[in-house]
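Working through the structure, step by step
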Amino acid sequence: MKPDEIDALTPLWKEVGMSSSLIATLELGKRITRLHLLFEQAIKVELAELGLTYAEFDVLMTLNRAAPPYRMKPSELSKALLLTSGGISNVLQRLMAAGYVEREANAGDARSRWVQLTDEGRRVAEAGLEASSRAYTDVTAGIPEETMRRAADALREVLAPMSRRRYR
């Protein structure tokens, strides 16, 4: 197996006396971060061609996954996307200005409003999904599907016990 940039760090960690299990954990974390950055950079380039930020795309896709009529409360969006209410508000304002979402009264609760995809918003969400798929395909070009499957399965095995932990 060909060494990567993370392998260059391993001798330094050994020199300062880190345990082999900590080194393995650091290697995992650094490689996951590197993978995330590669995917995110590729996706952002594709989304920019649609005039979307990553956050806007995330909101559109979350609404698009909701059952028809493709709507959610802002608080549900915040929770689903791990964004603050202020962060989601800014994104929603941009999406409303672009005509991709609209706000409508919530008949069941006068204190809240629905955020709903417009037809144009659904079209842009689908185009964003295609763009995102292209980015993932480009980044992983040349990697056998079986390798990708093994990596995804191994990461699930690592992530499952971690997902139960909560950090402040």
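Everything numeric here is computed off the predicted structure, so don't read it as measured data.

Bringing the environment of leucine 77 into the picture now. Topologically, leucine 77 is positioned in helix α4 (residues 74–81). A relative accessible area of 0% means that leucine 77 is categorised as buried. Sequence separation between leucine 77 and threonine 53 is 24 residues; the distance between their C-alpha atoms is 16 Å. Those residues in contact with leucine 77, other than ones at most four positions away along the chain, are Val59, Thr62, Leu63, Met72, Ile88, Leu92 and Val115.

Taken together, three strands build an open sheet; the order of strands is β1-β3-β2 and the sheet is antiparallel. The open sheet has two free edges, formed respectively by β1 (71–72) and β2 (101–105), since each of these has just one partner strand. The pairing of β1 with strand β3 (residues 113–117) spans two bridges and is classified as antiparallel. The partner of methionine 72 across the bridge, within β3, is valine 115. With respect to the sheet, α4 is in contact with β1, β2 and β3, its orientation differing from that of β3 by roughly 65°.

Take the layout of surface pockets next. By volume, the largest pocket amounts to about 1100 Å³. Lining the largest pocket we find 26 residues, and of these Arg31, Ile32, Leu35, Ala151 and Leu155 sit closest to its centre. In terms of residue count, helix α2 (residues 20–48) provides more of the lining of the largest pocket than any other element does, nine residues in total. Split by residue class, the lining of the largest pocket holds 16 nonpolar, three polar and seven charged.

To continue, consider the nonpolar core. The biggest cluster of nonpolar side chains holds 24 residues, and the ones touching the most others in it are Leu52, Val59, Leu60, Leu63, Leu77, Leu95 and Val101. Those elements that provide at least two residues to this core are α2, α3 (54–65), α4, α5 (85–98), β3 and α6 (119–139). The element that contributes the greatest number of residues to this core is α3, accounting for five residues.

If you walk through the whole model with that rule in mind, you get 12 salt bridges. Put simply, arginine 134 and glutamate 46 hold a salt bridge, and the shortest N to O gap is 2.9 Å. Linking arginine 134 in helix α6 with glutamate 46 in helix α2, this pair joins segments that are 88 residues apart in sequence. Judged by relative accessible area, which is 40%, arginine 134 ranks as partly exposed. Several salt bridges converge on common partners, so that one network encompasses Asp4, Asp7, Glu27 and Arg31.

The end-to-end C-alpha distance of α2, which contains 29 residues, comes to 42 Å, matching closely the 42 Å that a straight helix rising 1.5 Å per residue would cover. Buried within α2 we find Ile23, Glu27, Phe39, Glu40, Ile43, Glu46 and Leu47. On its buried side, α2 packs onto α1 (10–15), α3 and α6.

With that settled, consider the packing of aromatic side chains. Evaluation of the coordinates by the stated rule reveals two aromatic pairs. Above the face of the tryptophan 114 ring, lysine 73 is positioned so that its terminal group lies 5.8 Å from the ring centre. Its guanidinium or amino end placed over the ring of tyrosine 70, arginine 122 lies 3.9 Å from that ring's centre, counting from NZ or CZ.

Thresholds applied
- Residues numbered from 1 in each chain as written.
- Predicted model: local features only at pLDDT ≥ 70, side-chain atom pairs only at ≥ 80, totals over all residues.
- Heavy atoms only, no water.
- Helix = DSSP H or I, 4+ residues; strand = E, 2+ residues; numbered from the N terminus.
- Buried < 20%, exposed > 50% of the residue type's maximum accessible area, 1.4 Å probe, protein only.
- Contact = heavy atoms within 4.5 Å.
- Pairing = 2+ DSSP bridges.
- Axes fitted to C-alpha atoms, helices over the stretch in contact; angles between N-to-C directions.
- 1 Å grid on protein atoms, 1.4 Å probe; cavity = no way out; pocket = protein on both sides within 12 Å on 5 of 7 lines; lining within 4 Å.
- Points joined across faces, edges and corners; volume = space filled by probe spheres on them.
- Nonpolar A, V, L, I, M, F, W, Y, C, P; charged D, E, K, R; others polar.
- Core = buried A, V, L, I, M, F, W, Y, C linked by side-chain atoms within 4.5 Å.
- Salt bridge = Lys/Arg side-chain N within 4 Å of Asp/Glu carboxyl O.
- Expected span 1.5 Å × (residues − 1).
- Phe/Tyr/Trp six-rings, centres within 6.5 Å; stacked < 30°, edge-to-face > 60°.
- Lys NZ or Arg CZ within 6 Å of the ring centre and 35° of its normal.

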